[in-house]
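Chain by chain, the residues:
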Amino acid sequence: MSWLFGYKSQVPQAPSGADVGAPPDPSSAGQAAGDVNLTKAERKAMEAYRFDSSALERAAEAARTLERSKHAREALELSKLQEATRQQEYATKVKEYEAHIEASKVEQKRVDHEERRKTLAEETKHQQQRAQYQDQLARKRYEEQLAQQQRVQEENLRKQEESVAKQEAMRRQTIEHEMELREKNKMKLLEAELRAKAKVDRENRDLTLEQIRLKAEENRITVMESIKTAGSVLGQGATALLTDWNKVATTVGGLSLLALGVYSAKGATGVTARFIEARIGKPSLVNETSRFSILEAARHPIQTFNRFKSKPVDALQGVVLQPKLEERLRDIAIATKNTKNNNGLFRNILFHGPPGTGKTMFAKKLANHSGMDYAIMTGGDVGPMGRDAVTAIHKVFDWANTSRRGLLLFIDEADAFLRKRSSEQISEELRSALNAFLYRTGEQNPRFMLVLASNTPEQFDYAINDRLDEMVEFVLPGIEERERLIRLYFDKFVLQPASEGKKRFKVEQWDYSAVCSKMAELCEGMSGREISKLGVSWQAACYASEQGVLTEKMVLDRCEAAARQHRQKMAWLSEQEKLDHKSITGGKGFLM
């Protein structure tokens, strides 16, 4: 509606023709004359309150024009609608403003609440810090008191020790002085006695010599009379014996019976000793056995009771190795168990490979799984026995044949006495021992199972190879097997003792899985025995630390040191040793 009142009219209205020649209004002239006399400030103030009536006239003219128009009603309705729309927009803006005010109030309350919460948390934190600080001060004071008391006690103890040492020194000096005086007195008395005795001996020398001569004469006469009496008695006895044939026959029969009794007792003693050795004891060549004996039960009753209480377990329990090797060993374990249950003939097996790959351990597990006893001997014990080696080997096999449960005879380092007779320089005693061994293993036996172990199987005699029914190679662990071994030994030697609450044994929090994977790469070429020793070294590192806490750095440092030592050992090997142990750098599986 601004166009009705001329708010936006910027074009000046031209004066009408009537106004051009019209004379000026006297009142306006007087007003103009009055304005001339006003100051510039008063004139500006009056212009601010001056009303222009031309706008109302134009509005009235526009209203009359609108009333005469045929669209006057529509224009009025449109004007009303626009005014109502403006009122609604205004009301909407008012409500939005009120909502914004309410939201501002809510946000202000939230901010105030957050500030109060932060203030309370900060106050709580300050109180905790203050309490901790006071606790530390109290603990420090208590520790200082304890240290002061300990220093006082140590000082008192030191003074007491010094006093005791002084008293002991004085007592020792007194005793030494008394002993010295006593020795001097003894020496003086002895000298006096010797002087007196020497004087008496000089005075009675003739009398002493006469007494000696009389005693010698009496002894000579006594001996001669004894000889004469014994000769006459023996002569009379021999004469009476030879003249009486009944006495001669009785004497000969008695001596014969005495000799027969002596030899019979000697033979019976030998047979009894062998029987006792076979049933109760064990041969000298056997270093370790699970077979029950009265002597071992008397020495170790608890271990014997636990052995009877234990049940057969899986032969591959706790074993880390390549899947193909695991499958082959499982077949051997199942076949051995069924052979034992059906009283079949056992097969002879060779375990060969680098040292520390678990040959002895699997042999024990195999015997336990099959329900058999095991006996372990070392080939290096045969050579030093010399001529007794043949007898000792026969005793071992005789002892094995008496087993009721069946015996797994494991010979470690068997190549020490089963070497080639054609190319090797071996002694006659060792050759005889080899021949005795070949004689006792010529046929398979339902009583015992023979298992040989060697790091250099190429040194076996051809006859030994002919007696082997199966050969299994144990190689060094690969990276997957090393990681599994490291995890196994880390759990055994570190995590379990820490969880059991051992003294001075704690473990710092770090990513065990990633560290085990890293150590598996560092331990390339190491055997299972070396990895198990690495687990023991972790324990030693923890016990040697000041706080008794095992850290990631300590574990990795010990692993790197073990890897360096392994490389040094490999560098020390000669060319012949590297050829003999050609599998020492390979590895796809391992038995723990």
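## Some points on the overall build of the chain
- Helix and strand content of the chain: 20 helices and eight strands.
- Residue burial in the chain is summarised as follows: out of 592 residues, 27% are buried.
- Across the chain, every contact between residues at least 6 apart in sequence was considered, and the portion connecting residues at least 24 apart equals 80%.
- Split by element, the accessible area of the chain, about 41,700 Å² in all, is 55% carbon and sulfur.

## Digging into the packing of aromatic side chains
- Here the structure, examined in full by the defined rule, presents 11 aromatic pairs.
- Within the aromatic cluster, the residues linked to one another by ring pairs are Phe397, Phe417, Phe437 and Phe448.

## Topic: the pairing of strand β5 (residues 448–454)
- The element β5 is largely enclosed, with a buried count of seven among its seven residues.
- Judged by which residues are buried, β5 turns out to be covered on both faces: Phe448, Leu450, Leu452 and Ser454 on one side and Met449, Val451 and Ala453 on the other are all buried.
- Looking at chain direction, strand β2 (residues 349–352) and β5 are connected through four bridges and run parallel. Within β5, the position partnered with His352 by the bridge is Ser454.
- Across five bridges, the pairing between strand β4 (residues 407–412) and β5 is parallel.

## Focus: the side chain of Asp461
- Counting through the fold element by element, Asp461 comes out in the loop between β5 and α15 (462–466).
- With residues near it in sequence (within four places) discarded, Asp461 still touches Leu418, Arg419, Lys420, Arg421 and Leu434.

## Remarks on the pattern of salt bridges
- Following the criterion strictly, the structure yields 20 salt bridges and no others.
- Beyond isolated ion pairs, a larger network of salt bridges with shared partners links Glu155, Arg158 and Glu162.

## Observations regarding the packing of helix α16 (residues 479–499) against helix α18 (residues 528–544)
- Running from N to C, α16 and α18 point in directions that differ by 30°, and their axes come no closer than 9 Å. Taken together, the axis directions place α16 and α18 in an arrangement best described as roughly parallel. The two elements α16 and α18 meet at a crossing, and its hand is right-handed. In this structure, α16 contributes Arg482, Leu485, Ile486, Tyr489, Phe490, Phe493, Val494 and Pro497 to the contact, and α18 contributes Gly528, Ile531, Ser532, Gly535, Val536, Trp538 and Gln539.
- For the contact of α16 with α18, the per-class residue count stands at 10 nonpolar, four polar and one charged.

## Section: the nonpolar core
- Of all hydrophobic cores here, the largest spans 32 residues; its most connected members are Ile411, Leu418, Phe437 and Leu452.
- Counting residues per element, the ones that place at least two in this core are β3 (373–378), α13 (388–401), β4, α14 (428–440), β5 and α15.
- Considering each element in turn, this core owes the most residues, seven residues, to α13.
- Ignoring sequence-local partners within four residues, the contact set of Ile411 consists of Met377, Gly379, Phe417, Phe437, Leu450, Val451, Leu452 and Ala453.
- If you look at the next biggest cluster of nonpolar residues, it comprises 27 residues, including Phe493, Val507, Met554 and Cys559.

## So, the pairing of β2
- Alternating residues of β2 divide into Ile349 and Phe351 and Leu350 and His352, and every residue in both groups is buried.
- In this structure, β2 lies alongside strand β6 (residues 470–473), joined through four bridges in parallel fashion. Within the sheet, the bridge partner assigned to Leu350 lies in β6 and is Met471.

## As for helix α17 (residues 512–522)
- The set of residues buried in α17 consists of Val515, Cys516, Met519 and Ala520. Buried residues in α17, looked at end-on, bunch into an arc of 145°, giving them a common side.
- Those residues of α17 that are buried are in contact with α16, α18 and α19 (552–572).

## Focus: α18
- Taking 1.5 Å of rise per residue, 17 residues should cover 24 Å, and α18 covers 25 Å from first to last C-alpha, within 8% of that figure.
- For α18, every residue scored as buried is listed here: Gly528, Glu530, Ile531, Ser532, Leu534, Gly535, Ser537, Trp538, Gln539, Ala541 and Cys542.

## Regarding the confidence of the model for the chain
- When pLDDT is averaged along the chain, the result is 79, and 81% of the positions lie at 70 or above.
- A low-confidence stretch, residues 1–34 stays under pLDDT 50, and its non-local contacts, those more than four residues away or across chains, total 14 contacts.
- Within the model, the stretch residues 585–592 combines pLDDT values under 50 with 46 contacts to residues more than four positions away or in other chains.

Rules of the game
- Residues numbered from 1 in each chain as written.
- Predicted model: local features only at pLDDT ≥ 70, side-chain atom pairs only at ≥ 80, totals over all residues.
- Heavy atoms only, no water.
- Helix = DSSP H or I, 4+ residues; strand = E, 2+ residues; numbered from the N terminus.
- Buried < 20%, exposed > 50% of the residue type's maximum accessible area, 1.4 Å probe, protein only.
- Contact = heavy atoms within 4.5 Å.
- Areas by Shrake-Rupley, 256 points an atom, 1.4 Å probe, with all protein chains shown as cover.
- Phe/Tyr/Trp six-rings, centres within 6.5 Å; stacked < 30°, edge-to-face > 60°.
- Pairing = 2+ DSSP bridges.
- Salt bridge = Lys/Arg side-chain N within 4 Å of Asp/Glu carboxyl O.
- Axes fitted to C-alpha atoms, helices over the stretch in contact; angles between N-to-C directions.
- Parallel < 35°, antiparallel > 145°, perpendicular 65-115°, else oblique.
- Left-handed = near helix turned anticlockwise from the far one by under 90°.
- Nonpolar A, V, L, I, M, F, W, Y, C, P; charged D, E, K, R; others polar.
- Core = buried A, V, L, I, M, F, W, Y, C linked by side-chain atoms within 4.5 Å.
- Arc of directions from axis to C-beta.
- Expected span 1.5 Å × (residues − 1).
- pLDDT = per-residue confidence, 0-100.

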